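One-letter residues, chain by chain:
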Number of protein chains: 2
Amino acid sequence: MADFIDNGTRFRLTDPTLAPAAAGYLWNRRMMIQMTCRGYAVSQYMDPEPRKYAHVPTIAGQTFMQPEHRYFAHHPGRFFYVRDNRSGALFSAPHEPVRARPDSFAFEPGLSDIRCTVEKDGLRVDLCLELPDDDVAEIWTATVTNVGETGRDVSFVPYFPAGYMSWMNMGGHFDPELGAVLCTSVTPYQAVEDYFRNQHLKDITFLAADRRPDHFEVSQQAFEGEGGLADPSALQAGGNLKGGDACYELPAGILQYDLSLPAGGSECIRLLFGPARDTSEVSELTGKYLRGDAEAVRRASRAYIADGLGSFEIESPDGAFDAFVNNWLPRQVYYHGDTNRLTTDPQTRNYLQDALGMVFIRPETTREVILRAASQQFVSGKVPDGILLRADATLKYINQVPHTDHAVWLVIATCAYLDETGDRSILAAPAGWADGAGSDSLYEHVSRALRFLAGEVDERGLPLIAQGDWNDPMNMVGYKGRGVSGWLAEASSYAMSLWADICEAEADHETAGWLKRASDAMVERINAHLWDGNWYARGITDDGAPFGVSSDPEGRIYLNAQSWAMLCGAADADRKARMLRAIDEQLETPWGVAMFAPAYTRMREDVGRLTQKWPGSAENGSVYNHAAAFYAAALYHVDEGDRAFRVLRAMLTEPDADDIAVRGQLPLYIPNYYRGAWHQHPRTAGRSSNLFNTGTASWFYRLVIEQLCGLRGTRDGIVIAPQIPSDWQRCRFRRTFRGATFKVDVERAEGLTDRMIDIDSRPLDGDVLRRVEPGRTYDVKVKIPGQTQQQAQRHGAA
Amino acid sequence: MADFIDNGTRFRLTDPTLAPAAAGYLWNRRMMIQMTCRGYAVSQYMDPEPRKYAHVPTIAGQTFMQPEHRYFAHHPGRFFYVRDNRSGALFSAPHEPVRARPDSFAFEPGLSDIRCTVEKDGLRVDLCLELPDDDVAEIWTATVTNVGETGRDVSFVPYFPAGYMSWMNMGGHFDPELGAVLCTSVTPYQAVEDYFRNQHLKDITFLAADRRPDHFEVSQQAFEGEGGLADPSALQAGGNLKGGDACYELPAGILQYDLSLPAGGSECIRLLFGPARDTSEVSELTGKYLRGDAEAVRRASRAYIADGLGSFEIESPDGAFDAFVNNWLPRQVYYHGDTNRLTTDPQTRNYLQDALGMVFIRPETTREVILRAASQQFVSGKVPDGILLRADATLKYINQVPHTDHAVWLVIATCAYLDETGDRSILAAPAGWADGAGSDSLYEHVSRALRFLAGEVDERGLPLIAQGDWNDPMNMVGYKGRGVSGWLAEASSYAMSLWADICEAEADHETAGWLKRASDAMVERINAHLWDGNWYARGITDDGAPFGVSSDPEGRIYLNAQSWAMLCGAADADRKARMLRAIDEQLETPWGVAMFAPAYTRMREDVGRLTQKWPGSAENGSVYNHAAAFYAAALYHVDEGDRAFRVLRAMLTEPDADDIAVRGQLPLYIPNYYRGAWHQHPRTAGRSSNLFNTGTASWFYRLVIEQLCGLRGTRDGIVIAPQIPSDWQRCRFRRTFRGATFKVDVERAEGLTDRMIDIDSRPLDGDVLRRVEPGRTYDVKVKIPGQTQQQAQRHGAA
């Protein structure tokens, strides 16, 4: 009913009712589309700010995608009606709006296209959606095949609603010269300056076809009539579309093709759907994508995606894991890193973490991101809340609320870049300042960011949280100017110690020394003020109350405060054991580790907005995968590889019907959250947000490569230290690193007590290979202790 | 199929497919609801800004109602499913979502309730919607009757979707103590200050019932399932609602009542639907409206509406006209005047014109409005773009764009108030200034407004238009600082001459003299610069180009520029005749007079945003009724009573199926526009916006009372000068005026050459009755020349 196919590069779902919101997504640098198995879609493009070209049927708030996006009868979709002209029987592909039970169904999202096949009463519809590599448009190929044994007369009716385009001006008509329906509009505005600002907007949504339809309609209402979406009046009683237009009415591209199909016969129609500024742009796009070389377009699109599929491949006993990690994970990392989540002002935190994953795909992008972020830093050392990607961009929404954590990510991204590339020249690269003349080296930028961070502390020396840290809506812990973030104390300490190593390596002993002392002092403060007996508090409010502590009935234990205590070294073995026990008891769910529990059910005015979110959703105690990834990082950091893998693995939807039904998504991306509040709302726990924008992807990829497989760069070489799960007997992977290729075969050997590494059949002394030679392929064999030994070791250690 | 019933106080529509958006509206001081004949609704309440409690299923832009509001499958509605539990047959009342063809149907909006009766297969559903007089809630009474001859088992399922309430937090559950579904949410926000600002918001939408349902459901998705709205899975195969909740899912109030109905038997259920801040408010509201004295609630609601039905009644040969003018017109005037269109910052123009109609209903409101507007005037004399009704209100949207006409309406409203009430004390009433200390008399305020207006002129002495006059989106004629408004020149001249009369009467000869000279000088300039040969230009652009002139291929002739040329006396007889001919030829449509023609089909950058609207919609050449009302006023002003009446009459939808189908509305209100562009888009011409917010209502009411019936106040008495249409033989009306009652009988008498007036059987010398005695009833008989004479006179005059 549901599984990976084509060596993991495609998925097949054979039931459109199992998980109605199950979707695949495609993108290029200018646009993205998330397409459900039933035919609904959310699409967005940059112009330069995010815009839509297919709208809901009412005036919509301009938003990106919302978690657990609600599709409804008139939600924008790409629908294909099929009518048997003898019997009048109607069905639609993919599934909406007719919802007729298909004889067979396959929804097959791939890496660079989304396919769907629906068969009903001897007729098969094959759909394929592709994107150009660098234009905004959807390329649809629809094939109708008579799989029966007698001839059939069929009307095939693609139906692409454009929705409520504008209260000022919207309409539509068929343009015979272009062979396209043009849905026209004027983006609403009031101030005269916006008229000039809007000049470039693509206010046309067009549906063009490679062959002239037999009939068409442009008015959605005229098409649907009293019959409604599921049984449109225009298609009842053998009727044909009437060639109408839309005059300040909801427009839609509706084309009717009357096909005579002999047994086995089929007809193919190609469609192009998207926005355009004027008819000449429509003409240009149809020329390229309907009348041009389709194979070349496909190759370019595939090449664009293939470019981002990374430098790593694994073969483990866990086929679903391999399929995800070898294809869909780097794809998700690449999507983030190459598009910046389709915004012009990414949050600094997101921008830098998305770049972190790009070190494995296109490290020069990471370098650019780091330097751009540094160049928007303030002379004081403060890192801004968002990074402007264009001269005309502005900081919007959440980027207008002061958050205090951004310096941390500048350090982590820079260290990751150095680890992977060894490119120390970045440290000397100059970057300007947002509010000052001249420029300074990145090294100075990062160091100054940490000095600023070290200064923004309360009288105890703990970092002020202002209106949020990593946790955006934790906005009332410190809004009065006194509250502190326990997590940020840990993250600061961690970042300081990471940077101290860089300083040391750069022979800047003074800064290194200061950073080490500051990092250690912070650890002392953490242990003095934030340890609650069995875990660490998440912070201390404006009024001096620690929260995320055992006396809290809600929000009692926060995952991040524990993960980063391990990362920064605050937790000794005893505390670590207590923390892990508490996490197991209070935060584990069948769908991953919740970011805290219990979820808040009422506003806590000294914690903030997150406590008002629906319990178990998003930042209110969901299985927030980004936090879970930090936890996995911490677990690897403290040699808890089995636990770490379990945490990572739980983020992936299983390719089977039961898990897909519960999570409501396909295993093609890690969503930003699964519902938590397992004990409070068991019915909905595990449900996916179906949002594929998340910092999780980068961290997950990095942990797989650097921790699970254990190949991570050092200043002058590479560490080889796999931490594969104890129930894996063997695992092979390939990874490129600084121009070299490592083929690694990890195998358990019973009787072994220590890891043994051979490189090109010669034993390696220790676990670091120095002086990696570009162009060379290293054949690495790692033997690790068998399960029995490992368990014995573990028991010894505990 | 469609007609007034109950002496014009109610309408009956017997086909739900004739005009799907046909609707009635109810309101009280806190809320309004527009309810269609099929069950969809738009409702809004003040808190203090306008808010909704039933939402569309996606994140909606916060808007008031949009013209030609598009209803769609999941648009919010109030639906009642009826299932026969033996056959499983399903229908719904009013009509959506099942859309089963009813055996009989009646949608019956009344003055203070909306009723609907649907009968199908021996079952009848009677629905009645009422509002409290001063709370935000809908009171529904639903009665199911077995009109057949055998017993029936029926499930009756009210279904009230709450829609997408919030991306932060939304859900719902049944509260057994309250006997209500509570759909809960948190209004989304990001800045911490908004948390405090939002404290009072009513984030609960509840559906309470006066009896416990047998089953319920709160998740819309669980209810609909694969069956969808028209055939919900939860009601298929005899199933019962499962008692589910909504956990960050779309919530809905869905109650199931299993009724055993003997032949002739019926059951009644009362429901309350609306927003609440907390459960105690739900409890309070259900106590008042479900468990309290329903008759008392109904009386209060009726009394509220009855209070606004005015002081005028007519009996003419035109029954539909009478039904509208005696009931629905004052109701619409009252809605505007008592609610200020449910905004906290009405445009000054709207605020003052809505108050203008209130002089006939509650003149003390007009007095308050005038003084409030004056108190927000600037010391310079400038009248602001919007009036703030609360201390915490702000000028928003269009009120942030500078318009230049507001002084005109201050004069007109004040004069109308003085005419009707004779209350000269208002002139001495003090009002403060927005930007200065102290206060001055209203007299000084109005005079200074005119001095300011007189100063804002170009080198020719014509008024600068800035970014718009009465016509909001005419925003680019003068945005560079040079363009002028021809209409405003006329309106200024008219306002100056009106105010000159007041000044004269107040013995302020100096100001009166200046105003008369200024008014006359403006007329000269109008004739010098704006006469185009057959009509007046609408203005002159920043670049010196007159527009609204014969050489313009689009926007060639504007109605307002002609109407106000007549009002201000600029047009002599010859020009008037040319103008009327041009209007007849170019602006007349079967559904009224267009505000200009041809509609613009492309942007004119020296005219502005209106040229970008859909051709024939709103300010782009629709039959914009407000402009048509000015035209009617002008026609009465120049003794063109027959034409004037035709213009007024065309604004009213006929109570017959053909006109209702074309206009798509019921004759219960004047909409702000009917589509124009009759020659350009004949298919859609005549279609109503279905927006009942319009300054038209006040003007229409005033013209009927003061011009058609001809009873208008003077400083010390009342003029009696009816201008009834020449095809009316007789007409009677009753009007209260300054505490007295006038019963007037107007009759044509053949052979008569001059009007003759008897009051209480004594002939009146002239047409002015001085010294009206409060409390007295005047019996007035007016004899006017018969049709033959009148036509002869007209020919003589032409």
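Each chain has its residues counted from 1, following the order in which its sequence is written. Both sets of labels track the order of writing: A upward for chains, 1 upward for ligands. Only residues with pLDDT of at least 70 get local features here, since the model is predicted, and only at 80 or more are side-chain atom pairs given and counted; chain-wide, interface and lining totals rely on the full set of residues. Neither water nor hydrogens contribute to the side-chain values; these are computed over all heavy atoms in the structure.

- As recorded by an unreviewed UniProt entry, chain A carries the name Cellobionic acid phosphorylase and is attributed to Roseivivax sediminis.

**Points about the overall build of chain A**
- Numbering of helices and strands starts at the N terminus; helices are DSSP runs of H or I of at least 4 residues and strands are runs of E of at least 2. Regarding its fold elements, chain A presents 19 helices and 40 strands.
- It is over C-alpha atoms that the radius of gyration is taken, and the globule rule equals 2.2 Å times the number of residues to the power 0.38. In terms of overall size, chain A behaves like a compact globule, its C-alpha atoms giving a radius of gyration of 28 Å where 798 residues would be expected to give roughly 28 Å.
- Overall, the C-alpha framework of chain A stretches about 80 × 65 × 50 Å when taken along its three principal axes.
- Buried residues are those whose accessible area, probed at 1.4 Å on protein chains only, stays under 20% of the maximum for their type, while exposed residues exceed 50% and partly exposed ones sit between those limits. Within the span of chain A, comprising 798 residues, buried residues form 66% of the whole.
- In this description, contact between two residues means that some pair of their heavy atoms is separated by no more than 4.5 Å. When contacts within chain A are restricted to residue pairs at least 6 apart in sequence, long-range pairs at least 24 apart make up 67% of them.

**Concerning the packing of aromatic side chains**
All names here are of chain A.
- Aromatic pairs are defined between Phe, Tyr and Trp rings, using the six-membered ring for Trp, whenever the two ring centres lie within 6.5 Å; interplanar angles under 30 degrees are classed as stacked, those over 60 as edge-to-face, and all others as tilted. Taken as a whole and judged by the stated rule, the model has 107 aromatic pairs over all chains.
- When the ring of Phe-312 is compared with that of Phe-733, the centres are 6.0 Å apart and the planes differ by 35 degrees; the resulting orientation is tilted. Of this pair, Phe-312 sits in strand E21 (residues 312–315) while Phe-733 is found in strand E35 (residues 730–737), placing the two residues 421 residues apart along the sequence.
- Owing to a relative accessible area of 2%, Phe-312 belongs among the buried residues under this scheme.
- In textbook terms, an aromatic cluster arises when at least three aromatic residues are bridged by ring pairs, as seen for Trp-409, Trp-470, Trp-487, Tyr-494, Trp-564, Tyr-624, Phe-630 and Trp-699.

**Details of the relation of the copies chain A and chain B**
- In this comparison the copies share one frame, found by least squares on the C-alpha atoms of residues holding pLDDT of at least 70 in both. Overlaying chain A on chain B yields an RMSD of 0.1 Å, the required transformation being a rotation through 180 degrees with an accompanying axial translation of 0.0 Å. Accordingly, the operation relating the two chain copies is best matched by a two-fold axis.
- With an isologous cut-off of 70% or more, the 100% of interface residues of chain A that recur at the interface of chain B puts this contact in the isologous class.

**What about the pairing of strand E9 (residues 104–109) of chain A?**
All names here are of chain A.
- Along E9, five of the six residues are buried, which leaves the element largely enclosed by surrounding structure.
- Strands pair, by our definition, only if DSSP identifies at least two bridges between them. Here E9 pairs with strand E10 (residues 114–120) via six bridges, running antiparallel. By the bridge assignment, Phe-105 is partnered in E10 with Val-118.
- Adjacent in sequence and paired antiparallel, E9 and E10 are bridged by four residues.

**Regarding the interface of chain A and chain B**
- Tallying the contact residues gives 63 residues for chain A and 63 residues for chain B.
- When chain A packs against chain B, close to 5400 Å² is buried across both sides, 55% of that on carbon and sulfur atoms.
- Criterion for a salt bridge: a side-chain nitrogen of Lys or Arg within 4 Å of a carboxyl oxygen of Asp or Glu. Scanning the region where chain A abuts chain B turns up eight salt bridges.
- With a closest N to O distance of 2.7 Å, A:Glu226 and B:Arg38 form a salt bridge.
- For the purposes of these results, a polar contact is taken to be a pair of N or O atoms within 3.5 Å, where, inside protein, one atom must be able to donate a hydrogen and its partner to accept one; residues adjacent in sequence count only when each atom of the pair is a side-chain atom. Connecting chain A to chain B are 33 residue pairs in polar contact (both at pLDDT 80 or more).
- For the side of chain A that touches chain B, the elements supplying multiple residues, two or more each, are strand E14 (169–175), strand E15 (180–186), helix H1 (192–197) and strand E18 (246–247) of chain A.
- Split by residue class, the side of chain A that touches chain B holds 29 nonpolar, 21 polar and 13 charged. When two components associate, each loses some accessible surface as probed by a 1.4 Å sphere; the sum of these losses over both components is called the buried area. Note on residue classes: Ala, Val, Leu, Ile, Met, Phe, Trp, Tyr, Cys and Pro are nonpolar, Asp, Glu, Lys and Arg are charged, and everything else, Gly too, is polar.

**Remarks on unusual backbone geometry**
- The step from A:Asp47 to A:Pro48 runs through a cis peptide bond, and the omega angle for that step is -10 degrees.
- Note that the residue after A:Ala597, namely A:Pro598, is joined by a cis bond; omega there is -15 degrees.
- The phi angle at A:Arg99 is positive, at roughly 60 degrees, despite the residue not being glycine.
- Summarising the element assignment, A:Arg99 is placed in the loop between strand E8 (90–93) and E9.
- Of note, the phi angle at B:Arg341 is positive, near 60 degrees, even though the residue is not glycine.
- Positionally, B:Arg341 belongs in the loop between helix H5 (319–339) and helix H6 (348–358).

**Structural notes on the domain arrangement of chain A**
- Where each domain starts and ends follows an automatic or database-derived domain assignment. With domains assigned, chain A is organised as domain 1 (3–305) and domain 2 (709–794).
- Spacing between the C-alpha centres of domain 1 of chain A and domain 2 of chain A amounts to 49 Å.

**Quick word on the pattern of salt bridges**
- Summed over the entire model, instances satisfying the criterion amount to 132 salt bridges over all chains.
- In this structure, the salt-bridge partner of B:Glu619 is B:Lys613, at a minimum N-O distance of 2.8 Å. Note on accessibility: B:Glu619 and B:Lys613 belong to one class, buried.
- Among the charged side chains, a salt-bridge network with shared partners connects A:Asp6, A:Arg10, A:Asp113 and A:Arg115.

**A look at the side chain of B:Glu249**
- Take B:Glu249: it is sitting in the loop between strand E18 (246–247) and strand E19 (251–261).
- There is a polar contact of 2.6 Å between the side chain of B:Glu249 and the side chain of A:Arg687.
- In terms of polar contacts, B:Glu249 uses its side chain to reach the backbone amide nitrogen of B:Cys247, at 2.8 Å.
- Aside from chain neighbours lying at most four places away, what touches B:Glu249 is A:Arg70, A:Arg675, A:Arg683, A:Thr684, A:Arg687, B:Met170 and B:Gly171.

**Some details on the UniProt feature "domain: Glycosyl hydrolase 94 catalytic" (unreviewed entry) in chain A**
- As annotated by UniProt and renumbered to match this structure, "domain: Glycosyl hydrolase 94 catalytic" (unreviewed entry) occupies residues 306–710 of chain A.
- The annotated region residues 306–710 of chain A carries 46% helix and 8% strand content, and the separation between its end C-alpha atoms amounts to 25 Å. UniProt positions are given in the numbering used here, feature names are shortened, and annotations may be inferred rather than shown by experiment.

**Quick notes on the UniProt feature "domain: Glycoside hydrolase family 65 C-terminal" (unreviewed entry) in chain A**
- Here the UniProt-annotated "domain: Glycoside hydrolase family 65 C-terminal" (unreviewed entry) positions come out as residues 712–749 of chain A.
- Annotated as residues 712–749 of chain A, this span is 0% helix and 66% strand, and its ends, taken at the C-alpha atoms, are 23 Å apart.

**So, the pairing of strand E8 (residues 90–93) of chain B**
All names here are of chain B.
- Neither face of E8 is exposed, since Leu-90 and Ser-92 on one face and Phe-91 and Ala-93 on the opposite face are all buried.
- Pairing of strand E7 (residues 79–84) with E8, which is carried by four bridges, proceeds in the antiparallel orientation. The partner of Phe-80 across the bridge, within E8, is Ala-93.
- As consecutive antiparallel partners, E7 and E8 are separated by five residues, and within that stretch Gly-88 has a phi angle of approximately 80 degrees, a positive value.

**Let's talk about helix H11 (residues 486–505) of chain B**
All names here are of chain B.
- For H11, spanning 20 residues, the distance from its first C-alpha to its last is 29 Å, which sits close to the expected 28 Å at 1.5 Å a residue.
- Of all 20 residues making up H11, 15 are buried, and the element is well covered by its neighbours.
- If you check the start of H11, you find a side-chain oxygen 3.5 Å away from the backbone N of Trp-487, and it comes from Ser-485.
- Ala-507, located one to two residues past H11, shows a positive phi value of around 65 degrees. Multiply 1.5 Å by the residue count of a helix minus one, and that product is the helix's expected span.

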